[in-house]
Structure formats: C-alpha cells, structure tokens
Amino acid sequence: MEQHSFSLKTQYICITVAIGGLLFGFDTAVISGAIQLIKTQFSLDTAMEGWLVSSGLVGCIIGVLVTGILSDRIGRKKTIQLAAVLFLLSALGCTFPPNFSLLVVARMLGGIGVGMASVISPMLIAEFAPADKRGRMIAYYQLAITVGILLAYFSNALLIKGAEGTFTSEGLSWFFKTEAWRPMFLVMAIPSLVFLLLLGRIPESPRWLVTMGQPQKALAILQTIRMAGVAEKEFEDISRAATKATADNRSVLAAAFRLPLIIGIVLAVFQQFSGINAIIYYGPSIFEAAGIDKNNALLFQVIIGAVNLLFTIVAIKWVDKYGRKFLLFTGLTGIVVSLVFCGVLFYTGNTQGPLLLVLMLVYIACFAFSLGPVTWIVINEIFPTDIRVKAVSICTLALWIAVWVVGQFFPWLIENVGPAVTFWIFAGCSLINFVFSWKVVKETKGKTLEEMENVFIAPH
Ligand code: BGC
C-alpha cells in the first residue's frame, strides 16, 4: 500500500528540506535583477561588479567544503539549520549593508548557504525517502530550485514596476524607489525564516545516527516515518551496512568507489556544460542579440522559468516509474537536437520569428525533466552512508566549478566564436553526456541505498 513506504511525516520532512532548493534558486537568480541598480548606486567598475557576482560563487564553494566536514560531525539536521541561518543573515545583510564591502560579505554568506543546501538538502531527502519514491522526492528539490528562480524573477519585476509609483513617506520612497535593490534581497528573508522554523520539527537522519552509534534513536525515528515491519527491516539493513563500513574503515578515495565517483563528477560537470545557466541567465541577451525587442526578451525569461518549473513535474511523475537512464536518454536527445538547431538558426541568420523561442523552450523542457533532477538524484543515491557526504561534496564541488567555468567563458565565446558555435559546443558536450549515460551510468531505480553497494562496488 502507498502509505507503507510514503508516510505524511516523510513527505513533510522531504518538502521542508527541499525549501533549501528554493533558496538556492532564489539566491542565484535575484542578483540578475539587482545588479544594474547596485552598479549605479555604488558606481561600480567592471572588476567590482564581477567581484560582487562571483562572491556568491566563492561562497558556494566554501559552503560545499564546510558541509563535507561538518555534517558527519555535528549531524545533518544542525548543518541544514546552519544553512537556513546563513540565508537569513544574508538576506538582512544584503538589504542593509553599511557599505559595498559588507554587501559583498553578505552575498558571500548567502553563497555559503547555497553551497551547503546544495549538498545537504538532496542528500537528506535521499536518506529519508523510501527507495521506491526516492527519485521523485529528490526531484522535489529540483522543483524547488525552479520555483525559487521564478519567484526571484517575479519579485524583482514587481519591485521594479512598483518603483515607478509615488510613495507617501520619504523613508518608503528611499527604500522602494531610490534604492529598490534592497527590498529585492529582503524578500528572501521570508522563505529563509519559514525554512528555519519548519526545520525545527524534522528529525535527525537515522542513517547518520546509526553511524554515530545511536541505533535506538535511529530505530525510534524510523518507526515514526515508516509503518511497523518496514521500519525494522530498514533499520536492520542500515545497521548491517554500517557495521560492515566501520569494520572496513573506508576512504572516499579508495579504488572501490572510483566508478560511482566518476559517474557523479561527470554528470555534475556535464549538467552545467549543457549550457543551462547560460540560457537561463543570458536568455534575454540572447534574444536581444537575435533582434527581439527588450520588453519581450524579459517576458521570454519568465516563460523560460515557467516551462522549467512545469516540466520538472514530468520528472517527479516518471523518474521512479521509467528510471533515471530513460529520462537521461530522452532528455539528452532533445537537448542535443534543440541546441544543434539553435546554432543553425544563428549560423544562417534566421533568428527572427518564433522558431528560436520554440527551440529554446524545447531545450529547457528537456533539461527540466532529465538532466536537472536526474543529476541531483544520481549523485545523492549512489554512495554508501559512511562516505556519502564526502563523495557528494566532491561531486557538488565539481558542479559549482563547472558553473563558474561556464559563467567565465560564455560571454567570451559569444564574442569570439559567436552564438552558433557556442550552441554547438554545448550540443557536443551533451552528446558526450548521452554516450556516458548510456555506457557507464547504471540504473538505480527502486534500489535501497544499502543495495547500491551491489550495483557499483561488488563484483558482478
Ligand atoms: C542546476 C542549476 C540550474 C537549475 C535550473 C539545477 O539542476 O544545478 O545550475 O540553474 O537546475 O533549473
């Protein structure tokens, strides 16, 4: 029966933890609307502007590293609570920074929160979800990222529109009109606070408790989130795996973990080398470059965000039914084809008209039901508990470095080799990912985390 493995409490935990994804999406998207206003206010030169934007990414990298060390020591729950506190501090700090340097510091704090959430949120979901629903529950996290991105677009757009109005008091006029970038950041304080409050009611991960020698607590928690019988069986599997792992005292760099590590790193890097963030964040400039007028370009950005969100729901419905590899194949096929044709449109100068928008939407839809969620799902389910957080941190770090690489090189590529070749480079990378997913990635649908060892590590 459904409820045997899928209690309301488990849903509460997974949805709460997924809010980390919403803050990740919001934090990374909000800056795109605020940057022009901040630039004018602080008279930033290009180097300072670059520093403000990249401070978030530097924070992400620190956040991933911190989580790799902290979450085994202080526990998953405290680590994710710390991420929520950092989001809140960053929202307040970015709203009222006394000077530009402290604005950079506050952005970096938010970045640390994003880095931490990008490791701990999907990993906690993987540890709490029942095996047959794990894919869809980690996809909640991807859905939350897309909601966060869209929320940031909407709230930025509303605040910019609102700034055109007249205000009754000088203070309000200063806050919402003259310095409208401040409320853009303040909006993030609301979900951060909700996140922090809801996290207070989630239990610690039973898998972590077992590795810390607290089996009774772990069993008690499992009994509150699974039906009788199911809880005990899962507890036995977790304990058996933990005893074996303690006896072996394994290192994440041991040869036995080479295959899952390669899979995790390649999927993470090639998720980014599909060009997703270039399309999401530079979408409007791509349309402008194609000759579409500025107002429509912004509207298209919202359409892209909405399609991204809607098609993630397809992954939620299908990933546990048809499997990770099926989604990767179909999605990557659509991604490669749409990117190749986008390149052809630029190459032949046929960028006017609706075809470019249609192709970009096909691309986003395919990303949203495949590469987006499946990358996070696979990274978080293929490693055994004793090394999970370290291995997931290594893969997530690779992902953030790839975000940085694309951010650095995309504008350069557009200027030097042009949009057509740039699209074809992304298509080529996605083709490599297709072949890799076909030949090397293994299907993990329906397996418990403890069974993964047999998929990847034991000889067949
Ligand atoms: C990626 C992000 C991207 C987002 C878009 C995530 O899976 O990791 O880099 O911005 O999807 O929805």
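Structure: above.
Please read these numbers as outputs of a predicted model, since none were measured by experiment. (Residues numbered from 1 in each chain as written. Predicted model: local features only at pLDDT ≥ 70, side-chain atom pairs only at ≥ 80, totals over all residues. Heavy atoms only, no water.)

*Asks:* Looking at this structure, how should I read the overall build of the protein chain?
*Replies:* Across its full length, the protein chain holds 21 helices and zero strands. A total of 460 residues make up the protein chain; the buried ones form 56% of that total. Put simply, of all contacts in the protein chain between residues at least 6 apart along the chain, 82% involve residues at least 24 apart. Summed over all atoms, the accessible surface of the protein chain reaches about 18,800 Å², with 70% contributed by carbon and sulfur. (Helix = DSSP H or I, 4+ residues; strand = E, 2+ residues; numbered from the N terminus. Buried < 20%, exposed > 50% of the residue type's maximum accessible area, 1.4 Å probe, protein only. Contact = heavy atoms within 4.5 Å. Areas by Shrake-Rupley, 256 points an atom, 1.4 Å probe, with all protein chains shown as cover.)

*Asks:* Would you explain the nonpolar core in this entry?
*Replies:* Generally speaking, soluble globular proteins have nonpolar side chains that are buried together. Counting 146 residues, the largest nonpolar core has Leu52 and Trp400 as its most contacted members. Ranked by residue count, the leading element in this core is helix α2 (residues 8–41), at 15 residues. Here Trp400 is in contact with Phe24, Thr28, Leu57, Cys60, Ile61, Val64, Val114, Gly115 and Ser118, once residues within four sequence places are set aside. (Core = buried A, V, L, I, M, F, W, Y, C linked by side-chain atoms within 4.5 Å.)

*Asks:* Just checking my understanding: could you explain the packing of aromatic side chains for this structure?
*Replies:* Where two aromatic rings form a pair, the distance of their centres and the angle of their planes describe that pair. Scanning the entire structure with this criterion turns up 18 aromatic pairs. Ring geometry for Trp174 versus Phe175: centroids 6.0 Å apart, planes at 40°, classification tilted. Aromatic pair Phe329 and Phe434: ring centres 5.6 Å apart, planes at 45°, arrangement tilted. Of this pair, Phe329 sits in helix α16 (residues 324–348) while Phe434 sits in helix α20 (residues 418–439), and the two are 105 residues apart along the sequence. The class of Phe329 is partly exposed, set by a relative accessible area of 24%. (Phe/Tyr/Trp six-rings, centres within 6.5 Å; stacked < 30°, edge-to-face > 60°.)

*Asks:* When you look at the side chain of Lys77 in this model, what are you seeing that I'm missing?
*Replies:* Within the element layout of this structure, Lys77 appears in helix α4 (residues 76–95). The buried charged residue Lys77 lacks any salt bridge partner; its closest oppositely charged side chain belongs to Glu204, at an N-O distance of 7.6 Å. Not counting residues up to four positions away in its chain, the partners in contact with Lys77 are Leu199, Gly200, Ile202, Pro203 and Glu204. (Lys, Arg positive; Asp, Glu negative; His and termini not counted. Salt bridge = Lys/Arg side-chain N within 4 Å of Asp/Glu carboxyl O.)

*Asks:* What is the right way to look at the environment of Met137 in this model?
*Replies:* If you trace the backbone, Met137 turns up in helix α6 (residues 134–162). Overall, the relative accessible area of 0% leaves Met137 in the buried class. For the pair formed by Met137 and Pro373, sequence separation is 236 residues and the distance between their alpha carbons is 10.0 Å.

*Asks:* Where do I start with the site of the ligand in this structure?
*Replies:* Residues in contact with the ligand, as listed here, are Gln142, Thr146, Ile149, Gln271, Gln272, Asn277, Ile280, Asn308, Phe367, Gly372 and Trp376. Interatomic distance of 2.7 Å between a side-chain N/O atom of Gln142 and an oxygen atom of the ligand. One of the side-chain nitrogen or oxygen atoms of Gln272 is found 2.9 Å away from an oxygen atom of the ligand. Coverage of the ligand by the protein chains reaches 97% of its 310 Å² of free accessible surface. Sorting elements by how many residues they give to the shell around the ligand places α6 first, with three residues. (Near = heavy atom within 4 Å. Polar contact = N/O pair within 3.5 Å; in protein donor to acceptor, adjacent residues only side chain to side chain.)

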